[in-house]
Amino acid sequence: MRISFYGRLVDVFGSDLQLDVAAPCSIGELRERLQAMRSDEGLQDVRVRTCVNGVFVTDSHIVQEGDSIEFLAPVSGG
Amino acid sequence: MAFTARLESNSLSVERETAALVDASTGTGAIVSFVGLARPSSETGEQVDQLVLEVHPSLTQRSLNEIAAAAVRRFAVTAVHVAHRSGVVAAGEPIVFAGAAAEHRRQAFDAVDFLMDHLKTDAIFWKREEGSEASRWIEPSAADRASRERW
């Protein structure tokens, strides 16, 4: 599963990474797993938003094989 | 009516954007515009040489469209024109141009005020200030958030 990051999350996770994920897996579970991998709590910020296949989703969303997952750091605005 | 909401990866020309807005404003009585510039120092007083504006491949443009469309729905304007930089912006250079045309000035002023308050908090950009010392990610200020709440 390919996961991309935007904003200051890139400093911790890089702009994207590949992860083997056993389905079914929720976004919330994915966040916890990523946090554990990098010992970083940046993903815990409630303002971090998640996009799956171009649509904003909540932590309860279940990801499927082949989904494009993006974690967006809180925006700076324009 | 149409709006223009554009991402620009090269430098913004205030004259060119103003001319485009004037062209789109035939028959109206009022044109209002705002230009935001990259400040040469941070909130804490450190020198800033450049701003780096990172974007999402599709969501950033979509957010600009949504904000411009919201201004068109809310105010009696005949044209809305937004142009926003992406990439590296040197201190002093224009980052954003936001303008509107209307029959009368009140709607045009209010539409541009609305555009900027929403661009400052809702537009999907991630900005870093870069100076000689370090690089720092920016968040909307308390003032920006308060301004957004006015609407």
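Residues numbered from 1 in each chain as written. Chains lettered and ligands numbered in written order. Predicted model: local features only at pLDDT ≥ 70, side-chain atom pairs only at ≥ 80, totals over all residues. Heavy atoms only, no water.

Can you explain the sheet that holds strand E5 (residues 55–57) of chain A? Please cite residues and give values.
Residues and elements named next belong to chain A. Ordered by their spatial adjacency, five strands build an open sheet running E2-E1-E7-E4-E5, and the pairing between neighbours is mixed. Every interior strand has two partners, whereas the edge strands, strand E2 (16–18) and E5, have only one. Strand-to-strand twist across the sheet, computed as the mean angle between neighbouring axes with direction ignored, equals 25°. Pairing of strand E1 (residues 2–6) with strand E7 (residues 68–72) involves five bridges; the strand directions are parallel. Bridge pairing links Tyr6 to Leu72 in E7. Across the sheet, helix H2 (residues 27–38) lies against E1, E2, strand E4 (49–52), E5 and E7, angled at about 65° from E7, the strand it touches most. (Pairing = 2+ DSSP bridges. Helix = DSSP H or I, 4+ residues; strand = E, 2+ residues; numbered from the N terminus. Axes fitted to C-alpha atoms, helices over the stretch in contact; angles between N-to-C directions. Contact = heavy atoms within 4.5 Å.)

Would you mind going over the interface of chain B and chain A in detail, with residue names and values included?
Tallying the contact residues gives 19 residues for chain B and 17 residues for chain A. Both faces combined, the contact of chain B with chain A buries some 1500 Å², and carbon together with sulfur accounts for 53% of it. Contact with chain A buries area across many residues of chain B, yet Trp126(B), Trp137(B) and Glu139(B) alone supply 37% of it, more than any other trio. Here chain B is connected to chain A by twelve residue pairs in polar contact (both at pLDDT 80 or more). Secondary structure elements with two or more residues in the side of chain B that touches chain A: helix H2 (59–74), helix H3 (105–122) and strand E7 (125–130) of chain B. Of the residues in the side of chain B that touches chain A, the class split is eleven nonpolar, three polar and five charged. (Buried area = accessible area lost by both parts, 1.4 Å probe. Polar contact = N/O pair within 3.5 Å; in protein donor to acceptor, adjacent residues only side chain to side chain. Nonpolar A, V, L, I, M, F, W, Y, C, P; charged D, E, K, R; others polar.)

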